[in-house]
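Chain by chain, the residues:
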Amino acid sequence: MRKVALITGVTGQDGSYLAEFLLEKGYEVHGIKRRASLFNTQRVDHIYQDPHVEHQNFVLHYGDLTDSSNLTRILQEVQPDEVYNLGAQSHVAVSFESPEYTADVDAMGTLRLLEAIRFLGLEKKTKFYQASTSELYGLVQETPQKETTPFHPRSPYAVAKLYAYWIAVNYREAYGMYACNGILFNHESPRRGETFVTRKITRGLANIAQGLESCLYMGNMDALRDWGHAKDYVRMQWLMLQQDQPEDFVIATGVQYSVREFIVWSARELGIELDFQGSGVDEQGVVTSVSGDRAPSVKVGDVLVRVDPRYFRPAEVETLLGDPTKAKEKLGWVPEITAQEMCREMVTEDLKTARRHALLKKHGLEVPVTLENGS
Ligand code: NDP
Ligand code: GDR
């Protein structure tokens with residue numbers, strides 16, 4: 001019998017990689033997608049299967065984590081062996097603007113799913129993965145952060161995820177459910193949402209190199225993060241549900257870089273050397289190009305990056321660095337892709353798109369590019 005998995009957030013970065021991974025493992029994969037006024041399945045279109053053919057093994061269901069009757073109905077229909085709860089309002093800065101909605105989806109949504117599993121009597125059959133986060137550590141109490149490091153969340157997003165973390169632990173202890181938290185540090189890819197910092201940088205600089213944009217507006221460039229590749233991290237999500245006992249794991253690379261360094265790497269991939277004047281938290285901070293021989297639209301002395309305080313957060317998480325020792329020892333997991341390799345892959349993909357758009361522009365055709373500078 002092939003295993004059946006249900007993924008919330010299947011249309012997101014991790015959901016799409018996880019769906020691919022489980023399909024390769026022979027799973028029947030069900031995903032929950034939100035109803036939207038525009039198509040929102042771009043990340044999973046390549047694995048889409050026509051519902052009119054028989055023996056479909058990738059099935060999408062309309063649903064929402066704010067709707068418990070809908071979650072119960074989908075769970076009853078799918079009867080999953082494994083549930084991966086990846087759905088969330090996942091943007092930290094946006095959570096300050098929509099705190100109540102973030103709590104509803106990220107905290108209550110997790111409770112709704114767990115309750116639906118219990119209500120249907122699936123608590124002994126269905127294993128549950130909760131997408132927990134390094135943001136739980138927020139104002140860090142210990143470096144590097146590991147499973148036993150105390151939490152101090154710094155945003156409505158992190159506080160909502162704190163509830164989700166503990167309700168998963170509680171259902172494990174109270175009802176004997178196989179529920180695990182993966183405390184994942186930042187992970188990125190060419191499929192990363194355009195308003196997260198790495199993608200904002202690779203896409204923004206690629207557009208600048210091709211003359212589609214002139215300046216990238218950034219927040220705190222001094223922030224330090226432990227960045228891994230999403231492909232490596234979804235493998236880990238699956239591994240966590242294949243153990244004898246449910247446990248919580250930190251997933252990280254154990255190496256930390258600044259946002260500024262990520263900007264330098266991305267620019268270098270595009271043939272641009274940069275000169276930083278002012279700090280990442282200095283409102284006067286500007287970054288100019290020193291040379292740009294491979295970037296057709298960049299001249300020496302151009303201001304390519306400016307600090308814009310609108311991207312500062314009301315409470316910032318300055319530094320995160322994970323200690324993945326437990327995952328290495330118990331699950332035999334090691335990340336395979338470095339942050340620099342990932343940056344190269346992201347720049348390469350964004351440059352392909354930027355080149356296509358520049359060509360359209362050159363021929364007077366409409367460029368389907370959103371110039372919104374992100375969050
Ligand atoms: P994304 O933002 O790329 O994807 C989030 C997914 O959740 C999307 O499919 C989105 O749908 C869906 N979603 C949003 N709101 C709802 C809702 N109300 N009901 C149902 N689905 C909803 O996030 P990632 O893939 O990067 O992250 C996956 C999970 O892991 C998230 O829970 C995130 O908080 C967590 N996490 C991520 C880390 C990272 O560095 N990427 C690190 C640690 C934790 P739509 O496509 O329609 O917007
Ligand atoms: P984060 O990721 O908040 O860590 O949450 P993000 O990429 O948004 O920010 C990382 C750091 O970069 C700083 N920064 C900027 N961030 C954005 N988005 N835009 C900017 O212009 C900018 N300038 C500087 C931020 O202040 C921050 O310090 C991500 C999400 O995927 C969460 O869902 C997940 O839980 C955590 O990672 C782990």
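Residues numbered from 1 in each chain as written. Chains lettered and ligands numbered in written order. Predicted model: local features only at pLDDT ≥ 70, side-chain atom pairs only at ≥ 80, totals over all residues. Heavy atoms only, no water.

**Student:** Can you walk me through the side chain of T126 in this structure?
**Tutor:** Examined against the element boundaries, T126 turns out to sit in the loop between α4 (99–119) and β5 (127–133). Apart from residues no more than four positions distant in its own chain, T126 is found in contact with P80, D81, E82, V83, I117, M177 and Y178. (Helix = DSSP H or I, 4+ residues; strand = E, 2+ residues; numbered from the N terminus. Contact = heavy atoms within 4.5 Å.)

**Student:** Can you help me understand the site of ligand 1 in this one?
**Tutor:** Inspection of the region around ligand 1 gives 25 residues, with T11, D64, S90, Y157 and K161 positioned closest. At 2.8 Å, a backbone N or O of D14 approaches an oxygen atom of ligand 1. Side-chain polar atom of R34 to an oxygen atom of ligand 1: 2.8 Å apart, as the coordinates give it. Across the complex, the protein chains shield 90% of the 900 Å² of accessible surface that ligand 1 would expose by itself. Every element with two or more residues in the shell around ligand 1 is listed here: α1 (13–24), α4, β5 and α5 (156–175). If you tally residues by element for the shell around ligand 1, the top one is β5, at 3 residues. Classifying every residue of the shell around ligand 1 gives 9 nonpolar, 11 polar and 5 charged. (Near = heavy atom within 4 Å. Polar contact = N/O pair within 3.5 Å; in protein donor to acceptor, adjacent residues only side chain to side chain. Areas by Shrake-Rupley, 256 points an atom, 1.4 Å probe, with all protein chains shown as cover. Nonpolar A, V, L, I, M, F, W, Y, C, P; charged D, E, K, R; others polar.)

**Student:** Help me understand the sheet that holds β5 in this model?
**Tutor:** Ordered in space as β3-β2-β1-β4-β5-β6-β11, the 7 strands form an open sheet in which the pairing is parallel. Where the open sheet ends on each side, the last strands, each with one partner, are β3 (58–62) and β11 (249–251). Averaged over all adjacent pairs, the angle separating strand axes in this sheet is 20 degrees, with direction ignored. Where β5 lies against strand β6 (residues 179–184), 6 bridges are found, and the strand directions are parallel. Looking at β6, one finds that Q130 is bridged to N181. Its contacts with the sheet put α4 on β1 (4–8), β4 (82–85) and β5, and the angle it makes with β5 is roughly 170 degrees. On the sheet, helix α7 (residues 230–240) packs against β4, β5, β6 and β11 and is oriented at approximately 160 degrees with respect to β6. (Pairing = 2+ DSSP bridges. Axes fitted to C-alpha atoms, helices over the stretch in contact; angles between N-to-C directions.)

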